[in-house]
Amino acid sequence: MKIELRHIHKRFGTVHANNDISMTVDAGKIVAVLGENGAGKSTLMKILSGYQPADSGEIVLDAQLASYHTPQGAIAAGIGMLQQDPLDIPAFTVLENFVYGQKTGFLYSPRKWRERLKSISARLGFELDPDQPIANLSIGQRQQLEIVRLLSMGVRTLILDEPTTGISAEQKLILFEALRELARNDGMSVLLVSHKLEDVIALCDSVVVLRGGRLVGTLQLPATMDQLVRLMFGQELAPPAHECLVNPKTAIALDNVTLRGKRVTVQNFSMKIRACEVIGLAGLEESGQELILRACVGLVKPTHGHIALGETNLTGKSYREFLAAGVAFGAAGRLEEGLIAGLTLTEHIALATENQSLVDWTRAKMLTDQKLKQYNVRGRPESMIEQLSGGNQQRLLMALMPEQPVLMALEQPTRGLDVDSSHWIWQQLLERRERGTAILFSSPDLDELVTYSDRIFVAYAGHIVEISDARQTNIDELGRLIGGHFEKASGS
Amino acid sequence: MQRKGLLFVIVALAFVALTVVPALAQDEFVFGLVLVGPENDRGWSQAHYEAGLYVQEQIPGSRMIFFPSLNPADAPETTLLDVATELIDQGAQVIFTTSDAFEEDTDAVAEAFPDTPFINISGDNYLTGEAPANVGNLMGQGEWSKIIAGCAAGLATETGSIGYLGPLINGETRRFAASAYLGARYCYEHYKGGNPDDLTFTVTWIGFWFNIPGVTLDPTEETNTFFDSGADVVMSGIDTTEAITIAGQRAAQGETVWALPYDFIGACDIAPDVCLGVPYFNWGPSYVSAIQAVKDGTWTPSWDWVGPDWTDINNPDTSAVGFVKGPGLTEEQSAQLDSFIADLASFATNPFVPNSFALWSGPLNLQDGTELAAAGQLVDPLDVWYLPQILEGMVGASE
Amino acid sequence: MKNRTLLTVGFALLPIIASVAITALLIVAVGSNPGDVFVAVTEGAFRDSRAFAGVINFWIPLALCSLGLIVTFTAGLWNIGVEGQMMIGAVFAAYGALFIDLPGPVLILVEILLAMLGGGLWAALVGFLKTRLAVHEIFGGVALNALANVWAIYLISGPWAPPSGGTAQATAPFKDTAVLPAISPEFPVSLIALLLVTATLVIVSFALSGTRWGLQLKATGKNSRSALLLGVPTTRSAMSALIVCGMVAGIAGSYRVLFTYESLRPLVSGGIGFLALLVVLLVGLRPLFAVIVGFAFAVILAGSTRLKVALQLDQSLAGVLQGFIVLLVLLSNGLRQRFTSDSTSSETPNTTTTVEIQRTQEHG
């Protein structure tokens with residue numbers, strides 16, 4: 001389907017989120033929409049997919065002026081959006097979710113729908129068991145189901161928002177292959193919003209770049225990463241530096257710990273992290289790396305073994321005692337674990353820094369102003385945290401952490417961030433590392449793991465393998481280890 | 001002449017209007033009722049409300065105004081003082097506070113309105129001398145109707161086990177339960193021919209006048225417990241109708257059980273076949289005489305404990321307490337009960353017997369074995385009023 | 001900006017006007033004159049200083065409970081146990097009034113402190129059940145409410161029954177030195193209680209906006225998981241919020257026995273705690289508003305005493321009016337959010353979060 005956007009405008013209060021955006025996507029093309037957080041990508045996609053109306057402007061689909069005001073209307077017009085978190089119903093089965101929202105007619109025939117589900121997934125190479133409850137599916141599978149559902153509803157344009165976040169490398173390959181197949185054979189148009197430039201380069205035919213609500217450039221692919229970065233930021237990014245300014249003594253030691261999770265158990269695991277070290281944790285979701293990371297901050301208690309931070313034995317102590325001993329923790333879900341929706345930025349800063357029983361709001365506000373500048377957070381002290389974009393939220397989270405902890409344990413520190421924001425976060429982290437902080441982080445992004453880690457621990461179903469020199473490894477090897485091929489491990 | 005005639009008529013009419021209309025207004029006599037429960041509770045409060053209606057019929061020009069459900073739970077926003085103020089503001093010339101729950105407050109409020117007579121039902125503040133000069137007490141001798149009700153239970157029981165569903169424990173509820181016990185024991189022995197010591201009479205106090213889920217015992221459950229543990233008659237001493245309802249349900253499933261509700265004449269209608277009768281109060285006549293006295297300016301405070309009209313305990317115009325026989329009685333039992341009532345009447349009306357309750361005669365011991373009355377001795381009515389424990393022979397708590 | 005203010009005022013008045021209109025229609029439907037009803041309620045509340053005192057006497061415990069509940073709602077807790085906390089406050093105050101012999105002013109101080117102790121302890125039990133035994137505060141609260149009532153009735157009919165001729169409906173009236181003095185016979189309201197309400201209003205407002213404790217409560221209430229990760233002692237926050245609310249509710253309970261009834265009676269809490277829950281749900285976490293709306297409720301309810309007496313209209317009409325106001329206010333809040341896309345979320349009690357307790361850490 002051919003899509004034309006003509007002079008789209010959208011304002012939120014004083015913010016001009018989309019400023020006169022006009023673009024065309026030809027049928028059968030895969031187009032990436034790039035831009036920093038807050039550039040207006042999400043707004044534009046929401047307008048196109050019916051989640052919110054434009055203030056002015058036209059959407060023309062296959063030379064027909066479209067008018068819809070709801071996501072259902074957009075789907076009827078042929079446009080479906082795949083959310084970052086698929087909006088499915090956990091208690092339902094795959095089949096029930098598939099049928100949900102579709103016109104089943106007066107007589108519902110489960111067999112017919114089951115066949116339909118099977119045939120579409122088979123064509124795209126998806127493996128979906130119709131009778132599995134959604135709760136048992138991985139994010140990648142839920143995404144596949146949503147694609148199948150949208151296709152079954154007759155969608156001819158797919159919008160994907162960060163589709164490769166949280167899915168395995170293998171699932172990513174399947175997804176890309178399916179998208180190419182649909183574009184090539186069905187004339188499906190695909191709009192991809194992603195921060196991962198390597199994905200964009202691998203998949204797309206062209207890119208459009210938004211900055212500050214305006215469309216600032218388009219580029220036909222193939223192109224190099226540098227070209228894309230330059231188009232987005234007008235600059236290229238330097239690789240990180242590695243230095244250590246203190247005596248690298250042991251920061252944290254896990255001695256023979258056993259950690260029980262809901263689905264997986266890590267047994268008799270030992271690990272030592274020295275000051276100035278960056279340790280990456282790799283693995284598919286719930287392979288055990290989450291348990292290790294959270295054990296290091298006292299959020300998971302070992303059923304066996306000891307944990308010591310420096311000289312202090314912290315086995316069995318509470319999270320707050322870990323905090324007091326010098327750990328800092330950043331969870332993957334920023335607004336679920338870390339930031340508090342409904343509180344202002346100043347309130348966050350006050351919460352983290354005030355230790356008098358009376359809050360000095362003047363001082364807190366000044367400190368907030370200062371921190372916002374220091375951490376490059378775009379927002380005002382009195383803004384609610386949920387009004388900030390993801391990158392700004394992550395930077396604020398960083399501002400809330402102590403300046404120089406013994407250990408920083410971070411789950412997916414750059415989740416959902418653009419290249420610029422990710423780079424900035426890592427600069428901050430590496431600065432702290434230089435001054436002696438040990439950093440432990442997990443990431444689904446193999447590039448990130450290989451780029452920043454000194455050592456990597458790979459988890460597969462509770463088994464842990466160590467890559468003792470991350471510089472000696474590459475993405476392919478890491479990918480194999482994550483998939484459980486331990487026999488080729490280079491160290492242990 | 002015509003003009004003069006017309007003028008005369010007009011002046012005459014005006015004169016009549018000026019004198020008669022105020023006279024009509026003056027003729028109206030407003031009395032106030034404060035109820036502890038709703039006026040349609042099929043129990044205690046409804047009995048008082050109906051007495052008010054009866055007064056309106058009997059005393060022309062009288063008008064009732066009332067306030068229902070005055071208790072901390074239903075009307076937390078107001079107090080007896082506020083309500084009395086409103087009633088007096090609306091013209092009430094005498095106020096009946098119809099619960100012992102109002103006893104203390106009535107005294108305090110009466111002090112604030114020294115010109116208005118207050119009559120507190122079931123209290124004894126006049127008797128004890130605590131009341132101000134404008135407070136009197138009124139109570140019916142429910143002991144008699146409870147004795148009769150007890151007799152009906154004693155006649156009917158086949159298992160020799162009777163359950164009594166009591167509200168909270170105080171002097172009044174103790175003496176009513178004890179009266180029922182004495183009636184049951186007497187009739188079980190003298191009409192039924194049983195050994196009175198074999199008769200089991202169990203009192204379970206649920207904790208309040210009606211079921212408050214989570215606070216009181218559940219009367220439905222307690223009634224079932226009675227029946228399950230061998231009792232075949234349950235007497236109700238509480239304001240609500242669980243006993244008769246459950247008895248009706250169990251009878252419908254083929255069990256041989258009976259119940260006696262309390263307080264509301266029509267309560268048998270719930271399950272007529274298992275109803276042995278209802279002991280009740282009939283406040284109307286006492287209200288009429290009190291209001292008439294206030295109206296005539298002859299009222300003086302007193303402590304009135306009014307008995308039945310022994311010529312016909314169910315005469316609505318004369319008897320303060322009564323007992324309606326229920327369809328659950330056999331003809332024989334009904335006749336026996338009549339003869340028992342006749343015996344009570346001759347006891348009560350015998351001029352040579354001192355003022356006392358029948359069957360309340362020695363030897364009688366309190367539950368802890370203390371002697372209440374030696375053999376042949378009558379219990380003083382005030383000792384009945386202030387009964388400190390239930391009686392020896394009854395099963396249940398005394399406090 | 002002006003438009004915005006207009007809109008806010010409009011949305012505040014709309015439900016009140018609408019509910020009055022609907023109630024008026026209902027009154028006409030049952031064959032009465034709405035004007036008479038209005039006059040009766042107004043007269044009932046404002047006729048003279050005594051009538052107005054009736055309003056104030058109902059408002060005092062209602063305002064106190066509302067202020068206490070703002071604290072627990074800030075911490076994300078549904079302290080439905082406020083009713084029982086009032087009751088226990090009443091019981092503890094009654095203990096002081098019945099059994100402690102001290103000069104007047106000291107005795108009153110002791111009674112109020114006892115009431116705070118009792119209410120606080122009862123609330124701490126709710127907190128203990130929640131934080132140690134994972135019993136949700138609603139269930140714990142309901143159970144403890146019932147227990148408080150049972151205990152009070154037991155005391156009244158048993159150990160604390162008046163020495164002779166007890167009716168088991170009340171303890172003996174408290175001695176004169178034990179009850180709160182009235183401002184004057186014409187205006188029977190306790191000055192001490194008025195001062196306590198004012199003090200509570202000031203303290204709660206300040207504690208929530210200007211102290212670290214208040215900030216931590218707010219964080220706990222909005223997202224206790226995040227709060228915990230930011231270093232807030234969430235268990236202690238929840239516990240302290242409950243205890244503070246319990247203490248304030250205890251004062252409210254003591255007022256019922258030390259002034260309104262001058263003796264301990266069953267069910268003296270009278271559902272005032274539940275009404276306070278409603279008030280706070282309506283106005284959100286704004287102490288001053290809660291006190292004002294509480295006053296409006298007191299006017300309607302206390303004024304309606306006259307309704308029943310003067311017009312012999314069912315008193316529950318006031319309840320109907322109140323119900324409509326609540327319903328329509330909630331509706332108009334929803335509408336306002338739609339029209340103004342104004343996120344007032346920070347001011348409405350958080351009704352979804354449950355407080356993260358330290359135990360849950362163990363399964364990360």
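Reading the values: the criteria
- Residues numbered from 1 in each chain as written.
- Chains lettered and ligands numbered in written order.
- Predicted model: local features only at pLDDT ≥ 70, side-chain atom pairs only at ≥ 80, totals over all residues.
- Heavy atoms only, no water.
- Helix = DSSP H or I, 4+ residues; strand = E, 2+ residues; numbered from the N terminus.
- Contact = heavy atoms within 4.5 Å.
- Areas by Shrake-Rupley, 256 points an atom, 1.4 Å probe, with all protein chains shown as cover.
- Buried < 20%, exposed > 50% of the residue type's maximum accessible area, 1.4 Å probe, protein only.
- Polar contact = N/O pair within 3.5 Å; in protein donor to acceptor, adjacent residues only side chain to side chain.
- Disulfide = S-S within 2.5 Å.
- Salt bridge = Lys/Arg side-chain N within 4 Å of Asp/Glu carboxyl O.
- Expected span 1.5 Å × (residues − 1).
- Buried area = accessible area lost by both parts, 1.4 Å probe.
- Phe/Tyr/Trp six-rings, centres within 6.5 Å; stacked < 30°, edge-to-face > 60°.
- 1 Å grid on protein atoms, 1.4 Å probe; cavity = no way out; pocket = protein on both sides within 12 Å on 5 of 7 lines; lining within 4 Å.
- Points joined across faces, edges and corners; volume = space filled by probe spheres on them.
- Nonpolar A, V, L, I, M, F, W, Y, C, P; charged D, E, K, R; others polar.
- Pairing = 2+ DSSP bridges.
- Axes fitted to C-alpha atoms, helices over the stretch in contact; angles between N-to-C directions.
- Parallel < 35°, antiparallel > 145°, perpendicular 65-115°, else oblique.
- pLDDT = per-residue confidence, 0-100.

*Asks:* Even after reading the chapter, I still don't get the overall build of chain C, so can you show me in this structure?
*Replies:* From N to C terminus, chain C includes 13 helices and zero strands. Starting at the N terminus and ending at the C terminus, chain C contains elements arranged as α-α-α-α-α-α-α-α-α-α-α-α-α. At a minimum sequence separation of 6, the contacts of chain C that also span at least 24 residues come to 79%. When the accessible area of chain C is evaluated, it comes to approximately 14,300 Å², of which 71% is carbon and sulfur surface.

*Asks:* Help me understand the side chain of Ser190(C), please; the structure alone is not making it clear to me.
*Replies:* All names here are of chain C. Relative to the elements of secondary structure, Ser-190 occurs in the loop between helix H6 (137-157) and helix H7 (191-210). Overall, the relative accessible area of 0% leaves Ser-190 in the buried class. Only 3.3 Å separates the side chain of Ser-190 from the backbone nitrogen of Ile-192, close enough to count as a polar contact. The residues contacting Ser-190, other than those within four sequence positions of it, are Leu-180, Pro-181, Ile-183, Tyr-255 and Phe-259.

*Asks:* How do you make sense of the state of the cysteines when you look at a structure like this?
*Replies:* Where two cysteines share a covalent bond between their sulfur atoms, that bond is called a disulfide. Under the counting rule described, the total for this entry stands at two disulfides over all chains. The disulfide partner of Cys151(B) is Cys187(B), and the gap between their sulfur atoms is 2.0 Å. Taking the torsion about the S-S bond as the criterion, the Cys151(B) to Cys187(B) disulfide, at about -100°, is left-handed. You can see Cys151(B) sitting in helix H6 (residues 142-156) and its partner Cys187(B) sitting in helix H7 (residues 171-190), a full 36 residues away along the chain. Pair check on accessibility: Cys151(B) and Cys187(B) agree, each one buried. Residue pairing for Cys268(B): its cysteine sulfur links by disulfide to Cys275(B), the two sulfurs lying 2.0 Å apart. Negative torsions about the S-S bond denote left-handed disulfides, and the value of about -60° found for Cys268(B) with Cys275(B) makes this one left-handed. You can call Cys275(B) buried: its relative accessible area is 0%. Summary of cysteine pairing: Cys65(C) is not part of a disulfide, and the nearest cysteine sulfur, belonging to Cys245(C), is at 7.2 Å. Under the relative-accessibility criterion, Cys65(C) is labelled buried at 1%.

*Asks:* Mind showing me how you'd approach the interface of chain C and chain A here?
*Replies:* When the parts of a complex come together, some accessible area is lost, and that lost area is often used as the size of the interface. Taken together, the contact between chain C and chain A spans 27 residues of the former and 33 residues of the latter. Put simply, chain C and chain A have two salt bridges between them. A salt bridge links Glu337(A) to Arg225(C); the nearest nitrogen and oxygen atoms lie 2.8 Å apart. Linking chain C with chain A are eleven residue pairs in polar contact (both at pLDDT 80 or more), by the criterion used here.

*Asks:* What am I meant to see in helix H10 (residues 284-296) of chain B here?
*Replies:* The periodicity of an α-helix, 3.6 residues per turn, causes residues three or four places apart in sequence to face the same way. Residues and elements named next belong to chain B. With 13 residues, H10 extends 18 Å from end C-alpha to end C-alpha; this agrees with the ideal 18 Å at 1.5 Å per step. If you follow the buried residues of H10, they end up packed against strand S1 (29-34), helix H2 (44-58), strand S3 (92-97), strand S4 (118-121), strand S5 (135-140) and strand S11 (303-306). In the stretch just after H10, Gly-297 is the one whose phi turns positive, near 80°.

*Asks:* Just to check I follow, could you spell out the interface of chain C and chain B for this structure?
*Replies:* Contact with chain C, which involves 33 residues of that partner, is made by 36 residues of chain B. With both sides pooled, the region where chain C packs onto chain B buries about 3,100 Å², and carbon together with sulfur makes up 58% of that total. Here chain C and chain B share five salt bridges between them. A salt bridge links Glu86(B) to Arg306(C); its shortest N-O distance comes to 2.5 Å. The tally of links from chain C across to chain B stands at six residue pairs in polar contact (both at pLDDT 80 or more).

*Asks:* For this particular structure, what's the right way to read the arrangement of the chains?
*Replies:* Of all two pairs of chains in contact, the one with the most contacts involves chains A and C. The closest approach of any C-alpha atom in chain A to one in chain B is 36 Å; the two make no contact.

*Asks:* Explain the packing of aromatic side chains here, please?
*Replies:* The geometry of an aromatic ring pair comes down to the distance between the two centres and the angle between the two planes. Within this structure, the stated rule accounts for 32 aromatic pairs over all chains. Ring centres of Trp426(A) and Phe441(A) lie 4.8 Å apart, and the angle between their planes is 75°; this geometry places the pair in the edge-to-face category. You can see Trp426(A) sitting in helix H14 (residues 419-434) and its partner Phe441(A) sitting in strand S18 (residues 438-442), a full 15 residues away along the chain. Grouping residues by exposure puts Trp426(A) and Phe441(A) together as buried. Geometrically, the ring pair formed by Phe52(C) and Phe187(C) is stacked, given 6.2 Å between the ring centres and 15° between the ring planes. With Phe52(C) in helix H3 (residues 49-74) and Phe187(C) in the loop between H6 and H7, this residue pair connects regions lying 135 residues apart in the sequence.

*Asks:* Got a minute to help me understand empty space enclosed by the protein in this structure?
*Replies:* One water molecule sets the probe size; rolling that probe over the atoms shows where empty space is left. Residue and element names in this part refer to chain A. Inspection of the entire model under this criterion finds four cavities of 30 Å³ or more. Here the largest cavity defines a volume of roughly 70 Å³. Along its surface, the largest cavity is lined by Gly-330, Ala-331, Ala-332, Arg-334, Gln-394, Leu-397, Met-398, Met-401, Leu-410, Glu-411, Gln-412 and Pro-413. Counting residues per element, the ones that place at least two in the lining of the largest cavity are helix H13 (390-400) and strand S17 (407-411). A per-element tally of the lining of the largest cavity places H13 first, with three residues. A per-class count over the lining of the largest cavity returns seven nonpolar, three polar and two charged.

*Asks:* Even after reading the chapter, I still don't get the sheet that holds strand S8 (residues 189-193) of chain A, so can you show me in this structure?
*Replies:* Consider a sheet: its strands pair through backbone hydrogen bonds, and that pairing is either parallel or antiparallel. Residue and element names in this part refer to chain A. Read across the sheet, six strands follow the order S6-S7-S8-S3-S9-S10 without closing on themselves; strand pairing throughout is mixed. Each edge of the open sheet carries a strand with a single partner, namely strand S6 (79-82) and strand S10 (214-220). Neighbour-to-neighbour, the strand axes of this sheet turn through a mean angle of 20°, independent of strand direction. Judged from the four bridges that link them, strand S3 (residues 30-34) and strand S9 (residues 206-211) form a sheet pairing that is parallel. Considered in S9, the bridge of Ala-32 is made with Val-207.

*Asks:* Looking at this structure, how should I read unusual backbone geometry?
*Replies:* Excluding glycine, a negative phi dihedral is what most residues carry, and trans is how most peptide bonds are arranged. Each neighbour pair has its own omega, and for Gly362(B) with Pro363(B) the value is 0°, a cis peptide bond. In this structure, Pro363(B) sits in the loop between helix H11 (331-349) and strand S13 (364-365). Positive phi is not limited to glycine here, since Ala63(A) has a value of about 70°. With respect to the element layout, Ala63(A) can be found in the loop between strand S4 (56-61) and strand S5 (64-66). On the accessibility criterion, Ala63(A) (67% relative accessible area) is exposed. Although it is not a glycine, Asn268(A) adopts a positive phi angle of roughly 45°. Within the fold, Asn268(A) resides in strand S12 (residues 265-274).

*Asks:* Teacher, can you tell me more about the packing of helix H11 (residues 345-353) of chain A against helix H12 (residues 361-374) of chain A here?
*Replies:* Working note: a packed helix pair is described by the angle between its axes plus the distance between those axes. Residue and element names in this part refer to chain A. Here H11 crosses H12 at 105°, and the two axes come no closer than 9 Å. Relative to H12, the element H11 lies roughly perpendicular. Taken together, the residues of H12 that come into contact with H11 (itself represented by Leu-345, Thr-346, Glu-347, Ile-349, Ala-350 and Thr-353) are Trp-361, Ala-364, Lys-365, Leu-367, Thr-368, Lys-371 and Leu-372.

*Asks:* Looking at this structure, I do not really get the sheet that holds S4(A). What am I missing?
*Replies:* All names here are of chain A. Overall, antiparallel pairing links the four strands, which are arranged S2-S1-S4-S5 in an open sheet. Whereas interior strands pair on both sides, the edge strands pair on one side only; in this sheet they are strand S2 (15-25) and S5. Averaged over neighbouring strand pairs, the angle between their axes works out to 25° when direction is ignored. With respect to the sheet, helix H1 (residues 41-48) is in contact with strand S1 (3-12), S2 and S4, its orientation differing from that of S1 by roughly 120°.

*Asks:* Looking at this structure, I do not really get the confidence of the model for chain B. What am I missing?
*Replies:* Regions with low pLDDT carry predicted coordinates that are not meant to be interpreted in detail. In this model, chain B carries a mean pLDDT of 88, and residues with pLDDT of at least 70 account for 93%. Ignoring residues within four places in sequence, the model shows residues 15-24 of chain B, a span with pLDDT below 50, making two contacts including any to other chains.

*Asks:* Got a minute to help me understand the pairing of strand S14 (residues 304-309) of chain A in this structure?
*Replies:* Residue and element names in this part refer to chain A. In terms of strand pairing, strand S11 (residues 250-260) meets S14 through five bridges, oriented antiparallel. Across the sheet, residue Thr-258 finds its bridge partner in S14, namely His-304. Note: S14 against strand S15 (residues 312-313), two bridges, orientation antiparallel. Paired with Ala-308 across the bridge in S15 is Asn-313. Between the antiparallel neighbours S14 and S15 lie two residues, among them Gly-310 with a positive phi of about 60°.

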